[in-house]
Amino acid sequence: MCGIVGVVGRGPASAPLLDALRRLEYRGYDSAGIATLEAGSLTRRRAVGKLANLKSRLDSEPLSGRIGIGHTRWATHGRPDENNAHPHMVGGVALVHNGIIENHRELRNELKAAGAHFTSETDSEVVAHLVSRERKNGCEPVAAVRKVLPRLNGTFALAFLFEGHENLLIGARKGSPLAVGYGRGEMFLGSDAISLAPLTDVVAYLEDGDLAVLTREQIEFLDVNGERLHRASAKIAFSALAVHKGEHRHFMAKEIHEQPKVVGQTLAQYIDRNRTIRLPSVDVDFGTIDRVSIVACGTAFYAGLIAKYWFERYAKLPVEIDIASEFRYRDVPFGAGNLAIFVSQSGETADTLASLEFAKTHGQRVLSVVNVQTSTMARASNIVLPTLAGPEIGVASTKAFTCQLATLICIAIAAGRSRGVLSAEDESSLVRGLAEIPSYMARALELEPKVHELARKISTASDALFIGRGTNYPLALEGALKLKEVTYIHAEGYAAGELKHGPIALIDKNLPVIVIAPSDRTFEKAMSNTQEVIARGGPIILLTDQKGASLAASSACSVLELPDMPQSVAPLALAVPLQLLAYHSAAILGTDVDQPRNLAKSVTVE
Ligand code: G6P
């Protein structure tokens, strides 16, 4: 899983390649590399770790070629060392790859038997060997690539350079996204349109099975038989892409603090002047469907899990929810013509995308709640409801999560209205609550100094438990995920009622338990579970509202108190202190908050 770029340019290619890679670092930062053609010969620089290391390498050993390819890696096959860093070069062919070649072992054995010598442990290197072998057999570059692609199982976005061909860059796609960009006398290729933003604003997207042949003068699209294809180009608006940390030390902190604003913007798209929900592009008759499927990964999955409670409560609509990597391999009994909702910040997560196609082939209407509107998922969906979180740079998702929640509750309310199970009065009372969310979130941010104090305790723990009931249960899962992502402290989220079925065995004075329990219909039961922890000496942090704090009135707890608020909107405000707790614990520990080890912002392999 990685990001790839290519430039066939007028000036030295390494600076624009590096700039484009910077925008793809969200796809991985285990290693990076660039290859260019200089006087007809391939030369490359590679470095382990973040892009900054490659930049230092290039500063001391510059590349001057005007045509090049680049890569930022999230290791799948082979350790993150320099040998496994892309580009891979074999016999006059250089390539970069995003995806996984599933039959790489078989191909490697075949190539080895024929005398090939491998220098990396990657699946990608087999492709370079295969193409180079076709070149040796006399094939021209395009023909060589065309011959090899049908032999590859799995997914790929590939870019190739060929020794002796100073005006030729070839891209190919199956499963992994790939875009090309048009310049004047120069052309570009990248894993997404955003990577090309500083270079051009005119882009076209490859479809599965496409080959793109780039020269300085033109871009030609071919199918695997070599037949020409038409792929429309479009002008992309990139104005919203300027990203700075502002006064914050980390993007994660900035993004947590942006939430009242971006959640407000997201909601404003869906609330009209009459204080009703309006989903302009959603031509779904909720009255005729009997089930909604919600599918996502990671934090987006937890947003979906909260939405399940909302769809059931406000729309009386059964919800089938699953993690994308499971959903697509199950024998889901889809009812014809139902709705499948896909939730994703990036719109590029491989498993979510594959599940989307799976649902489509089973006759589902596909709605995506997505933050990157130029993404593959947005383009593949029947209906797109954008979240307006703006670019999210911190790898651990924060503002995208609450914007997803804001959008999902609007869909649930609209569904309830159109199914005739939510009265106009109830809708307007829910909408009044939604309109107050930004101010509740702002109040939640005021807890920051107290959260910082509690983070000191958390940062010394080796484990932590998060518990809650109802919508507070998915929040517990998300709170635990946030903590482990950025602090590397082992954390688990549990339904509070499940505590006694196992995790209670872990409770002792060294295991902080974060209880998420505002004064909702599950409060009393959650308090009983809290008492069970206190009785066994477990330290408690209680995240609640004013009424909950007065009812709990226990000196055995540290309390984070939010204002009283409607039950429907509480998850958005409660998410904020959980995010702050993870952030401050990580900042105290000095981890790489915005780019935690082993993670990537967008997971483009299955
Ligand atoms: C990665 C990110 C998470 C994100 C998940 C799903 O694991 O680190 O923050 O929630 O992917 O990504 P998506 O872009 O589909 O929301």
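Heads up: the structure comes first, above all this text.
What counts, and where the lines are drawn
Residues numbered from 1 in each chain as written. Predicted model: local features only at pLDDT ≥ 70, side-chain atom pairs only at ≥ 80, totals over all residues. Heavy atoms only, no water. Helix = DSSP H or I, 4+ residues; strand = E, 2+ residues; numbered from the N terminus. Buried < 20%, exposed > 50% of the residue type's maximum accessible area, 1.4 Å probe, protein only. Polar contact = N/O pair within 3.5 Å; in protein donor to acceptor, adjacent residues only side chain to side chain. Contact = heavy atoms within 4.5 Å. Near = heavy atom within 4 Å. Areas by Shrake-Rupley, 256 points an atom, 1.4 Å probe, with all protein chains shown as cover. Nonpolar A, V, L, I, M, F, W, Y, C, P; charged D, E, K, R; others polar. Salt bridge = Lys/Arg side-chain N within 4 Å of Asp/Glu carboxyl O. Core = buried A, V, L, I, M, F, W, Y, C linked by side-chain atoms within 4.5 Å. Expected span 1.5 Å × (residues − 1). Pairing = 2+ DSSP bridges. Axes fitted to C-alpha atoms, helices over the stretch in contact; angles between N-to-C directions. Parallel < 35°, antiparallel > 145°, perpendicular 65-115°, else oblique. Right-handed = clockwise from strand over helix to strand, strands pointing away. Arc of directions from axis to C-beta.

Visitor: Break down the side chain of Ser124 for me, citing the residues and quoting the values.
Guide: By the secondary structure assignment, Ser124 is in the loop between helix 3 (104–113) and helix 4 (125–136). Look at Ser124 and you get buried, because its relative accessible area is 2%. Engagement of the side chain of Ser124 in a polar contact is seen with the side chain of His86, the distance being 3.4 Å. Ignoring sequence-local partners within four residues, the contact set of Ser124 consists of His86, His88, Leu95 and His97.

Visitor: Can you break down the site of the ligand residue by residue, with the values?
Guide: Surrounding the ligand, one finds 14 residues, the nearest of these being Thr299, Ser344, Gln345, Ser346 and Thr349. At a separation of 2.7 Å, an oxygen atom of the ligand approaches a polar backbone atom of Gln345. Contact distances for the ligand include 2.6 Å between an oxygen atom and a side-chain N or O atom of Ser346. In isolation the ligand exposes 390 Å². Once the protein is present, 91% of that is buried. With three residues, helix 8 (residues 298–315) is the single largest residue contributor to the shell around the ligand. When grouped by side-chain class, the residues that make up the shell around the ligand number five nonpolar, seven polar and two charged.

Visitor: Explain the pattern of salt bridges to me, using residue names and the numbers behind them.
Guide: As enumerated under the stated definition, the model contains 26 salt bridges in all. For the salt bridge of Arg10 with Glu186, the shortest nitrogen-to-oxygen distance reads 3.3 Å. Separated by 176 residues along the polypeptide, Arg10 in the loop between strand 1 (2–8) and helix 1 (14–22) and Glu186 in the loop between strand 9 (179–182) and strand 10 (187–190) bring together distant segments of the chain. Assessed through its relative accessible area of 18%, Glu186 is described here as buried.

Visitor: Explain the nonpolar core to me, using residue names and the numbers behind them.
Guide: Counting residues in each nonpolar core, the largest one holds 99 residues, and the members touching the most others are Trp310, Phe311, Ile341, Ile411 and Leu434. For this core, the element with the highest residue contribution is helix 19 (residues 570–589), accounting for 13 residues. Excluding its chain neighbours within four sequence positions, the residues that come into contact with Leu434 are Leu267, Ile271, Ile277, Ile409, Cys410, Ile413 and Val569. Membership of the second largest hydrophobic core comes to 28 residues, among which are Leu95, Val126, Leu168 and Ala172.

Visitor: Quick rundown of the environment of Leu42? Include the residues and the values.
Guide: With respect to the helices and strands, Leu42 occurs in strand 3 (residues 41–48). Judged by relative accessible area, which is 12%, Leu42 ranks as buried. Leave out the neighbours within four places in its chain, and Leu42 touches Thr36, Leu37, Met89, Gly92, Val93, Ala94, Leu161 and Glu163.

Visitor: Residues and numbers for the side chain of Asp351, please.
Guide: Structurally, the position occupied by Asp351 is in helix 10 (residues 350–361). A residue is classified by how much of its surface remains accessible, and Asp351, at 9% relative accessible area, is buried. A polar contact is formed between the side chain of Asp351 and the side chain of Arg328, at a distance of 3.4 Å. Apart from residues no more than four positions distant in its own chain, Asp351 is found in contact with Cys297, Ala324, Ser325, Arg328, Val605 and Glu606.

Visitor: Please give an account of helix 10 that cites residues and values.
Guide: An α-helix turns once per 3.6 residues; consequently, residues spaced three or four apart project the same way. In a regular helix each residue adds 1.5 Å, so 12 residues correspond to 16 Å; helix 10 covers 17 Å between its end C-alpha atoms and thus fits that length. The element helix 10 is extensively covered by neighbouring structure, given that nine of its 12 residues are classed as buried. Among all positions of helix 10, only Ala350, Asp351, Thr352, Leu353, Ala354, Ser355, Leu356, Phe358 and Ala359 are buried. A positive phi of about 75 degrees marks Gly363, the residue just after helix 10.

Visitor: Before we move on, can you summarise the sheet that holds strand 19 (residues 365–370) with the specific residues and values?
Guide: Hydrogen bonding along the main chain pairs the strands of a sheet, whether they run parallel or antiparallel. With parallel pairing, the five strands of this open sheet are ordered in space as 17-16-18-19-20. Sheet topology places strand 17 (319–323) and strand 20 (383–386) at the edges, where each strand pairs with a single neighbour. Direction aside, the axes of adjacent strands within the sheet are offset by 20 degrees on average. As judged from the four bridges shared by strand 19 and strand 20, these two strands associate in the parallel manner. Looking across to strand 20, one finds that Leu367 is bridged to Ile383.

Visitor: Which residues make up the packing of helix 13 (residues 424–435) against helix 14 (residues 437–445), and what are the values?
Guide: Direction vectors running N to C along helix 13 and helix 14 enclose 40 degrees, while the axes themselves pass 4 Å from each other. Taken together, the axis directions place helix 13 and helix 14 in an arrangement best described as oblique. Residues Gly433, Leu434 and Ala435 of helix 13 touch helix 14, and the partners they reach there are Ile437, Pro438 and Tyr440. Looking at the contact of helix 13 with helix 14 residue by residue, the class counts come to five nonpolar, one polar and no charged.

Visitor: Please provide a residue-by-residue account of the pairing of strand 19, values included.
Guide: Taken across its six residues, strand 19 has five buried, putting it largely inside the fold. In this sheet, strand 19 lies alongside strand 18 (residues 339–344) in parallel orientation, the contact comprising six bridges. Looking at the pairing, Ile341 lines up with Leu367 of strand 19. Running through helix 10, the crossover from strand 18 to the neighbouring parallel element strand 19 is right-handed.

Visitor: Kindly report on the sheet that holds strand 7 (residues 154–162), identifying the contributing residues and their values.
Guide: Read from one edge to the other, the open sheet built from seven strands follows the order 5-6-7-8-12-13-14, with strand pairing classed as antiparallel. The open sheet has two edge strands, strand 5 (88–90) and strand 14 (228–229), and neither has a second partner. Of the strand pairs in this sheet, strand 5 and strand 6 (residues 93–101) are connected by three bridges, and their pairing is antiparallel. By the bridge assignment for strand 6, Val90 is matched with Val93.

Visitor: Quick one: what's the story with helix 13, residue by residue and with numbers?
Guide: Between its first and last C-alpha, helix 13 extends 16 Å over 12 residues, near the 16 Å set by a 1.5 Å rise per residue. For helix 13, the full list of buried residues reads Glu427, Leu430, Val431, Gly433 and Leu434. Axial view of helix 13: buried residues confined to an arc of 155 degrees, hence all on one face. Packing partners of the buried residues in helix 13 comprise helix 7 (259–268), helix 8, helix 12 (399–418) and helix 14.

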